[in-house]
Amino acid sequence: MKLFYRIRPEDKKDCVRIQSLVRYDTLSIIHQDSILSSSNMFTIARGSKKFDIIQFEDSLNFAISERVKKLLTENSVTGWNSFPVIIKGIKESYHAFQNLSKAGPILNLEAI
């Protein structure tokens, strides 16, 4: 089994960044009652290459593909939630990622 320690978007040339059509607190993570869950329309702010994780243009938040959501769910990863987002110009399904808590036990990296 391959371990991973964080989920983060790609930072590659021409990768897609998305922008919400509504104002929200860009300095915090998406909380459970965020306005974004009901006003979930986004546009492509820049870039043309899509990845499984797409960064929001103006914050540290990101959207995950249906494939990533399925992997997290099937592997019983905890500490997160998501809601669907609609990205104008992208046909595939994406979901805004909500970090709710730590995802599993803290690893003792010295033992690995």
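Presented here is an overview of the structure given in this document. (Residues numbered from 1 in each chain as written. Predicted model: local features only at pLDDT ≥ 70, side-chain atom pairs only at ≥ 80, totals over all residues. Heavy atoms only, no water.)

Here we look at the sheet that holds strand β4 (residues 62–65)
Picture the strands of a sheet paired through backbone hydrogen bonds; they go either parallel or antiparallel. Reading around the barrel, the six strands line up as β1-β2-β5-β6-β4-β3 and close back on themselves, with mixed pairing between neighbours. The sheet shows a mean angle of 45° between the axes of neighbouring strands, taken without regard to direction. When strand β2 (residues 41–46) meets strand β5 (residues 80–87), the two strands line up parallel, connected through two bridges. Across the sheet, the residue bridging to M41 is I86, located in β5. Packing of helix α1 (residues 66–74) onto the sheet brings it into contact with β3 (53–56), β4, β5 and β6 (94–99), and relative to β4 it is tilted by some 80°. (Pairing = 2+ DSSP bridges. Helix = DSSP H or I, 4+ residues; strand = E, 2+ residues; numbered from the N terminus. Axes fitted to C-alpha atoms, helices over the stretch in contact; angles between N-to-C directions. Contact = heavy atoms within 4.5 Å.)

Comments concerning the pairing of β3
The pairing of strand β1 (residues 17–20) with β3 spans two bridges and is classified as parallel. Considered in β3, the bridge of I18 is made with F56. Both β3 and β4 contribute to a ladder of three bridges, which runs antiparallel. Each bridged residue has a counterpart across the sheet, and for Q55 the counterpart in β4 is F62.

A short note on the packing of aromatic side chains
What the rule picks out here adds up to four aromatic pairs. Measuring from centroid to centroid gives 5.0 Å for F42 and F56, while their planes differ by 55°, and the two rings are tilted. One end of the pair, F42, is in strand β2; the other, F56, is in strand β3, with 14 residues separating them in the sequence. Neither residue differs from the other here; F42 and F56 are each classed as buried. Measuring from centroid to centroid gives 5.0 Å for F62 and F97, while their planes differ by 15°, and the two rings are stacked. With a gap of 35 residues between them, F62 in strand β4 and F97 in strand β6 connect regions that are remote in the sequence. For the pair F62 and F97, a shared accessibility class is recorded, and that class is buried. Each member of the aromatic cluster is reached from another via a ring pair, and the members are Y24, F42 and F56. (Phe/Tyr/Trp six-rings, centres within 6.5 Å; stacked < 30°, edge-to-face > 60°. Buried < 20%, exposed > 50% of the residue type's maximum accessible area, 1.4 Å probe, protein only.)

Section: the nonpolar core
In terms of nonpolar packing, the biggest core is built from 15 residues, with I18, L36, F42, F56, V85, I87 and Y94 touching the most fellow members. Residue assignment for this core shows that the elements contributing at least two residues are β3, β5 and β6. For this core, the element with the highest residue contribution is β5, accounting for three residues. If you look at the next biggest cluster of nonpolar residues, it comprises seven residues, including F62, V68, L72 and F97. (Core = buried A, V, L, I, M, F, W, Y, C linked by side-chain atoms within 4.5 Å.)

Scope: geometric values only; no functional claims are made or implied.
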